[in-house]
Amino acid sequence: MKRVILAFSGFALVLVVAACSGGGPRSVPSDAVAVVGDKAISKADWDALLNQTKQNYKATNHAFPKPGSVELANLRANVTQFLITSSEYEQQAAKMGVKVTDNDVTARLDQIKQQYYGSTPGQPPPSKQKIEQRYEAALKQQGFTDQEVRAGIKLTLFREKVQAKVAHGLTVSDGQINDYYAKHKADYQTPAQPESRDVSHILVKSKTLADKLYSRLQANPKLFPKLARQYSKDPSSAKAGGVLAGGDVKGRFVKSFEKVAFSLKTHQISKPVHSKFGWHIIEATGPIKPPKPAKPTPLSQVKEAIRQTLLQNQKTAAIQKWQQKLTKDYCKTIAYQAGYAPPPGQDPCKQQSTTSSSSTT
């Protein structure tokens, strides 16, 4: 069963996060582990997420970190930071007017179910009941509940919608496309083609059989496809009557085969040729095609692909810049309950502060 549920749980991606954190002079309510912005991270939510993590460890036969271990300290910190990041995005979503409805969550969950538990190539489409059974089995196997998965999907949708709004309105001009194409022409061209020709072959293991087949072909060359299907030990070409897909391209096959293949006249059949694979009988079914130099692909054919590449680069840069500002802004608002602050060296706010200081010196 695919471990897809984990990616959409509240524990999302094993709590690998890039949250901001701080530790300002703000007070933290007794029933909370931290505050961020104008929201508190409740101990109830923190306990629920840690318990969810334990259930996943148990269901997937992984040993949960021992009390007092560095691994447990890191895990506890990640739980806190994950909840802080989630709160930051939810608060920003509210400021931006971004909403995620229960219908949005259900629609995304239905997509996931269909993608991972729906149709299998070569098999008839499963019923809706069967898909649900597979989904429930995956939940059990990974130690999650449907409610937890839906909560994780909701956080994912908040993140996607907020980031989409941040990147909204970005455009790429024709001038940018032209400049990019001029600087990356080597990436947009048909590669050089070596000398080649169309050939067929029959591969057998013994020279005795090869000689016998060659004699029959000398008497009747038209038997080549039939004999290839009947005797050749090369499955793919045998099905095609001996035809080698893509022909013989210089450098593609072993030297003994290649030397003979390119020395034959068109429609000539070779005597048996030995290679490490066995004995080949080769027929040159077409003339030798001269090599072709690399050919640039016209801008018109790649213009839209370049536009999408540049647009995605712009979106990524805009989101990264926005995320950095978000972290910086929220770092001023975060405080921790005793025992829940990040371990030494793992406070993202302090790391960001150090990086900023280094970049200005």
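The preceding data block contains the structure.
This one's a predicted model, so the numbers in the text were calculated from it and none came from an experiment.

### Side note on the packing of aromatic side chains
And step 1. Evaluated as defined, the whole model comprises six aromatic pairs.
And step 2. Their ring planes at 65° and their centres at 5.7 Å tell us that Y89 and W322 sit as a pair that is edge-to-face. Note that Y89 is positioned in helix α2 (residues 70-96) and W322 in helix α11 (residues 299-331), a separation of 233 residues in sequence.
And step 3. Judged by its relative accessible area of 16%, W322 falls in the buried class.
And step 4. Pairing Y181 with Y188 gives two aromatic rings, centres 6.3 Å apart and planes at 40°, and the pair type is tilted.
And step 5. The exposure class of Y181 is buried, given its relative accessible area of 10%.
And step 6. We classify Y188 as buried; its relative accessible area is 15%.
And step 7. Its end group placed over the ring of W279, K207 keeps NZ or CZ at 5.7 Å from the ring centre.
And step 8. The positively charged end of K250 is found above the aromatic ring belonging to F262, 4.7 Å away from the centroid.

### Structural notes on the pairing of strand β2 (residues 39-42)
And step 1. Sheet topology places strand β1 (residues 32-36) next to β2; four bridges connect them, and they run antiparallel. Paired with A32 across the bridge in β2 is S42.
And step 2. Here β1 folds back onto β2 in antiparallel fashion, the turn holding two residues, of which G37 has a positive phi close to 60°.

### Considerations on the pattern of salt bridges
And step 1. On inspection of all chains with the given rule, the structure shows eleven salt bridges.
And step 2. Its salt-bridge partner being D198, residue K289 comes within 3.6 Å of it at the nearest N-O pair. Of the two residues, K289 is situated in the loop between β8 (278-284) and β9 (295-296) and D198 in the loop between β4 (196-197) and β5 (199-204); the sequence distance between them amounts to 91 residues.
And step 3. Here K289 falls in the partly exposed class, since its relative accessible area comes to 38%.
And step 4. Close ionic contact of D329 with K325 constitutes a salt bridge, the shortest N to O distance being 2.8 Å. Residue D329 and its partner K325 are both found in helix α11; the two are separated by four residues, about one turn of the helix.
And step 5. Accessibility expressed as a relative area gives 33% for D329, which makes it partly exposed.
And step 6. Bridged by salt links that share partners, the residues D174, K303, E304 and R307 form one connected network.

Reading the values: the criteria
Residues numbered from 1 in each chain as written. Predicted model: local features only at pLDDT ≥ 70, side-chain atom pairs only at ≥ 80, totals over all residues. Heavy atoms only, no water. Phe/Tyr/Trp six-rings, centres within 6.5 Å; stacked < 30°, edge-to-face > 60°. Helix = DSSP H or I, 4+ residues; strand = E, 2+ residues; numbered from the N terminus. Buried < 20%, exposed > 50% of the residue type's maximum accessible area, 1.4 Å probe, protein only. Lys NZ or Arg CZ within 6 Å of the ring centre and 35° of its normal. Pairing = 2+ DSSP bridges. Salt bridge = Lys/Arg side-chain N within 4 Å of Asp/Glu carboxyl O.

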